[in-house]
Protein chains: 4
Amino acid sequence: MRALAMLGIGKTGWIEKDVPACGPMDAICRPIALAPCTSDIHTVWEGAIGERKDMILGHEAVGEVVEVGELVKDFKPGDRVIVPAITPDWNSLEAQAGYQMHSGGMLAGWKFSNFKDGVFAERFHVNDADGNLAHLPEGIDPAEACMLSDMVPTGFHGVELANVQFGDKVVVIGIGPVGLMAVAGAALRGASYLYAVGSRPNCVMAAKEYGATDVINYREGDIVDQIMEKTHGEGVDRVVIAGGDVNTFTQAVKMLKPGGVIGNVNYLGKGDFIQIPRVEWGCGMGHKMIAGGLMPGGRLRMEKLASLLVTRRLDTSKLITHRFEGLDAVEKALLLMKDKPRDLIKPVVIIK
Amino acid sequence: MRALAMLGIGKTGWIEKDVPACGPMDAICRPIALAPCTSDIHTVWEGAIGERKDMILGHEAVGEVVEVGELVKDFKPGDRVIVPAITPDWNSLEAQAGYQMHSGGMLAGWKFSNFKDGVFAERFHVNDADGNLAHLPEGIDPAEACMLSDMVPTGFHGVELANVQFGDKVVVIGIGPVGLMAVAGAALRGASYLYAVGSRPNCVMAAKEYGATDVINYREGDIVDQIMEKTHGEGVDRVVIAGGDVNTFTQAVKMLKPGGVIGNVNYLGKGDFIQIPRVEWGCGMGHKMIAGGLMPGGRLRMEKLASLLVTRRLDTSKLITHRFEGLDAVEKALLLMKDKPRDLIKPVVIIK
Amino acid sequence: MRALAMLGIGKTGWIEKDVPACGPMDAICRPIALAPCTSDIHTVWEGAIGERKDMILGHEAVGEVVEVGELVKDFKPGDRVIVPAITPDWNSLEAQAGYQMHSGGMLAGWKFSNFKDGVFAERFHVNDADGNLAHLPEGIDPAEACMLSDMVPTGFHGVELANVQFGDKVVVIGIGPVGLMAVAGAALRGASYLYAVGSRPNCVMAAKEYGATDVINYREGDIVDQIMEKTHGEGVDRVVIAGGDVNTFTQAVKMLKPGGVIGNVNYLGKGDFIQIPRVEWGCGMGHKMIAGGLMPGGRLRMEKLASLLVTRRLDTSKLITHRFEGLDAVEKALLLMKDKPRDLIKPVVIIK
Amino acid sequence: MRALAMLGIGKTGWIEKDVPACGPMDAICRPIALAPCTSDIHTVWEGAIGERKDMILGHEAVGEVVEVGELVKDFKPGDRVIVPAITPDWNSLEAQAGYQMHSGGMLAGWKFSNFKDGVFAERFHVNDADGNLAHLPEGIDPAEACMLSDMVPTGFHGVELANVQFGDKVVVIGIGPVGLMAVAGAALRGASYLYAVGSRPNCVMAAKEYGATDVINYREGDIVDQIMEKTHGEGVDRVVIAGGDVNTFTQAVKMLKPGGVIGNVNYLGKGDFIQIPRVEWGCGMGHKMIAGGLMPGGRLRMEKLASLLVTRRLDTSKLITHRFEGLDAVEKALLLMKDKPRDLIKPVVIIK
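Residues numbered from 1 in each chain as written. Chains lettered and ligands numbered in written order. Predicted model: local features only at pLDDT ≥ 70, side-chain atom pairs only at ≥ 80, totals over all residues. Heavy atoms only, no water.

Chemist: Explain unusual backbone geometry residue by residue, including any values.
Modeler: Within the chain, Asp54(B) stands out as a residue other than glycine whose phi angle is a positive 55 degrees. Summarising the element assignment, Asp54(B) is placed in the loop between α1 (38-45) and β4 (55-56). (Helix = DSSP H or I, 4+ residues; strand = E, 2+ residues; numbered from the N terminus.)

Okay, here's the thing in structure tokens:
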């Protein structure tokens, strides 16, 4: 089969591989909608997860089941499915503890285009089909559903980590597609004032549509100062970090009230240390909790999030700025993600 | 001063009383907006809290501060304030445990028109002004803000008790004003399918505007059957009870999934026992949690909820079907609440 | 193979059955230690789960692995293992939601001697070996470890459901083996005053050894009155129900403070309704939470609890009042459980 | 009145001051038992909270009430009371949010020998007597109860922040008196393996008596290596930090499992940043939560912890290595705390 792979750090290309074998609990799917992710860019061009040779890329997909293992109960060939980026081993100790995304080791619930071949291929393999696939609901656009693989669950997990409550003041740092979903998630969870930090015009517009009450542009001054001014020196209840780098946490701690929570869902690719400012962290005693975590994957999560599309609580279409057709277009979409033109939020490729 | 009082069970009337004295932490206010509550009806005509003689009625108000005690720091005469129905003693052991609504004994955080005179008077007394009043934000209609005294915090507390999460299927039983706020709160907290149980046409319309995806009319068949059919036999994740009686819990348990939660905010005025059906409750082992509680009151809560009006996450105007003017009109509003004409959701009286 | 079975309601006997087949994720074990449970008695002589024909009884076991499926990674023939009474399907939607004990339907994580053959046989089958077995730690007596199958996790789950915190006053109703483990668990979780309700002398003695500060004998007066007197009319923070019947909840609600929690782990075999007293439940608004649930099973849970034996935080030996040898003795142990002589807490059978 | 004060950074001495005035909600007490704290040392000799002139030191005390304000309901002259180090304003917004220790600003619930005079005097003032004092239970040694002012609630709060559950593996870093109470608290909350990091012989002995299963001496090698070896490379579920400095967090993150929690109760006096190692923190996605906070103070907390002494769940006497008599001896006790002789854990001064 034909597939778009990482040939080595800094290099991608089309390769031929055998169709993967299907274990007793697994499924083989063909893609219907695919989207490249910033993580793919980090993986290939920054070597974020180390060297990989001829590893198929991609972890965001809606697909059609073409084969299932003999122990699979709820899926059959022909079913249209949403595929989560994170596909845990559900009987692992980590999953039993509620941290399925770390099944088999920290972050190891992330398998596609990390420990095994990804989804940018004519066929791809899904471990534990019953545990990890979700049926695509009738009437939902596969491109919009494809945002459920990673963008929505990651952004929403930031909101869960930050534990947003009715009437909270919330900052979301970063308004790429994940940050935008954090904005939507915070609004959908009862935030009142919602400060979105970013500057690209189409992202700013989307942030407002998704519920931001204020947009903070870091080019117009220190973001901590801007937030403190808007909150009359009190700071905010919650900060969701969906962009920036290891230094972003210093700002987040400074703008947070005692008793507040930081929820990070940004992959930190560089730097030795995240730096927590001692004094503003209350000399260790300020009850400013710092949480960060990979999105929960799996079937239940996908079903619940898909139900938000069906009931129109969430509209992912605003994320999709570029649509392509045919598997070959995945390369163009990937390079677009790499080049990040100013009008890009997220590209999706539809495969008929 | 002139006030509308309960003269005894079954009887109301206008009386003259002295203006209440102001303790060192307290405030005296004059009303700007007042609303009668179903509880006032229960209190007077059903004797729900027992006999009371010449007790001023009412616990929903927006007012203007006319006097404050010498220890009050954040309020001064002339301030316009939202007054919560529940005004706890914040240094009590119960409040320290997080259950301020039970400060001084179960339900004893509810003081207005229960243990002391209520707000339907030319002047009313608020204990612990700094702890219990909230400034009325600029530009907010006092009538709409008056819904924050009881309707919004009670409805939203049902949603908190039921612990609604992203994508949950939620039933709200009862769509009077509290139930409607539970519908709005569940939508604002990430519910997907939201089944509102009720039948009065204007409430049904409001429920849909507040986010109900389906309305279940008990006149069209058993509500458990209807919910089970709509959920393909699986039941729902959460049930908020905002209407009905002691038997409603039997239905709620039956329509709930294992691992689900019932959040009750309906005052149960009659019946010896709430009946939990043994088999459907998993013979005691089904993890169907049953919670019920009086709304949290106090200043922080009011400020947080008020911020939802300011940021337009919540629109309480749809609750207000009848507006009156002048203190005298409180009697008409109260009787309207008693008679419940079909087009009533909530009446408010504005006092200039 | 030879096995002790329920032949029908009210009848037990030894039968011959084929050794069960081992699926790809499963294990076949031979028993090393077995214990009958009160549930076995309910199953056979009260028909609690309905008619069963030639179903092998028993769900408490320590065993030795004799065969594993080809997908099993962490266990091999010869391994000595603790077998939990509850063996979930870990990739089910219920398990993904944190309620693995209800995987496949309410209570359906309980499979042994319910939906499939139990452990009172020369060989027994365990589904998902990696997910559900735990290695028996070196130096731990199999008889004592056998208390980890059901008695410890059930009693401790009552404490978890009741959410015991440092310094809480706790009542444990019922001091059979599960109740005794609730007493031990409450002490191990920071309870201060710990009121154990029971009357059998050896259970009373064990309750005190496990940490009860007071024993309440229902023969000496109403238990609510006794608890209220001991707490100077205030009631307690938590109630764990590990005995009694549907009426016990009425007492539990009455002795509980607002903001308190009831954690039930008692299987309720009879009665149409659990009755919650309306007035003492605060007319629906008292924040007296009612929770009840089947123990969590699975490997992580067993490993964690086993580590409490290894580190000597918990001593289960005091539960074991009768020890037998040889598979045949299981029948005698079962009948002992049925007859409940005054000196019985729990019998265990060792099979060499 | 006579009092031991900080005269300025680096200097202490006895001064004369007026007896403090008693507000309407307050109490004036005379000390019965007093203990100096490491914080007093930081305050005076490290200038941790900045310059203070003639500020009376001390925040750990058991006392006798000599005067109460007119609004005080539950205390009267002659009552013997436990005084918490943290005495919040209970009607503040922070307290209403559950963070009373930050009432009035981050850490501002700490008033004694911070914003106002402390307890090392013939008389001291307690704000909000009903909210902040607790009756000394009959039969409890005032010296032992004096450990409830700060040592016990701080150590136990580390355990609460780290959210210790049944069977968790827990590290406590630092085994001074607060760390020892964290060890006792972790054992009392169900930890299994409990690794105490420290080296002073009498602290090591006390750690074992309080429940440590292993003592890790940093002089015998890197503590991360030692913990990883003891846990077979898996790491632990929880880390409580009760000693060390800003670099200690780097070690804590490295020894923690994904899904684990760090609970810090160590006051960090120096360093610009707490450094969180990026890779071991899962590149921001490892679900290793970092929490740190000042102890909750107030009456309920003191009553709950005192009940653990009464029921003998906790024995604080092992902390007290030096006992003195008479107010004058407070100076000697303070200097002892400064010099930290090898046999010191905690000195207490009894004033008859």
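Chemist: Outline helix α6 (residues 177-187) of chain C, supporting the account with residue identities and numerical values.
Modeler: Residues and elements named next belong to chain C. Most of α6 is tucked away, with 11 of its 11 residues classed as buried. Those residues of α6 that sit buried are Pro-177, Val-178, Gly-179, Leu-180, Met-181, Ala-182, Val-183, Ala-184, Gly-185, Ala-186 and Ala-187. In the core, the buried residues of α6 are packed alongside α5 (151-162), β9 (170-173), β10 (194-197), α7 (201-209), β12 (236-241) and β17 (346-350). (Buried < 20%, exposed > 50% of the residue type's maximum accessible area, 1.4 Å probe, protein only. Contact = heavy atoms within 4.5 Å.)

Chemist: Would you mind going over the sheet that holds strand β1 (residues 2-8) of chain B in detail, with residue names and values included?
Modeler: Residues and elements named next belong to chain B. Pairing in this open sheet of three strands is antiparallel, and the strands run β2-β1-β4 from one edge to the other. Among the strands making up the open sheet, the edge pair consists of β2 (11-16) and β4. Sheet analysis places β1 next to β2, joined by six bridges and oriented antiparallel. Bridge pairing links Ala-5 to Gly-13 in β2. (Pairing = 2+ DSSP bridges.)

Chemist: Lay out the packing of aromatic side chains with the relevant residues and their values.
Modeler: For the structure on display, the rule yields 16 aromatic pairs over all chains. Measuring from ring centre to ring centre gives 5.7 Å for Trp281(B) and Phe249(C), while their planes differ by 75 degrees; the resulting arrangement is edge-to-face. Placement of Trp281(B) in the loop between β14 (273-277) and β15 (289-292) and of Phe249(C) in helix α9 (residues 248-254) is noted, with the two residues assigned to different chains. Here Phe249(C) falls in the buried class, since its relative accessible area comes to 0%. Residues Phe112(C) and Phe124(C) carry aromatic rings whose centres are separated by 6.2 Å and whose planes lie at 85 degrees to one another, so their mutual orientation is edge-to-face. Of the two residues, Phe112(C) is situated in the loop between α2 (93-96) and β7 (124-126) and Phe124(C) in strand β7; the sequence distance between them amounts to 12 residues. A cation over an aromatic ring shows up here: Lys318(C) above the ring of Tyr210(C), its NZ or CZ 5.2 Å from the ring centre. (Phe/Tyr/Trp six-rings, centres within 6.5 Å; stacked < 30°, edge-to-face > 60°. Lys NZ or Arg CZ within 6 Å of the ring centre and 35° of its normal.)

Chemist: Break down the domain arrangement of chain A for me, with residues and values.
Modeler: All names here are of chain A. Taken domain by domain, chain A consists of domain 1 (2-150 + 295-350) and domain 2 (154-292). Each of domain 1 and domain 2 was reduced to a C-alpha centroid, and the two centroids are 27 Å apart. The interface of domain 1 with domain 2 comprises 23 residues on the first partner and 18 residues on the second. Taken over both partners, the interface formed by domain 1 and domain 2 buries close to 1800 Å², and the fraction arising from carbon and sulfur atoms is 59%. Measuring nitrogen to oxygen at the nearest pair gives 2.8 Å for the salt bridge that ties Glu-160 to Arg-301. At the surface where domain 1 touches domain 2, the tally comes to seven residue pairs in polar contact (both at pLDDT 80 or more). When residues of the side of domain 1 that touches domain 2 are assigned to their parent elements, the largest contribution, three residues, is made by helix α10 (residues 299-310). When its residues are assigned to classes, the side of domain 1 that touches domain 2 shows 11 nonpolar, three polar and nine charged. (Domains from an automatic or database assignment. Buried area = accessible area lost by both parts, 1.4 Å probe. Salt bridge = Lys/Arg side-chain N within 4 Å of Asp/Glu carboxyl O. Polar contact = N/O pair within 3.5 Å; in protein donor to acceptor, adjacent residues only side chain to side chain. Nonpolar A, V, L, I, M, F, W, Y, C, P; charged D, E, K, R; others polar.)

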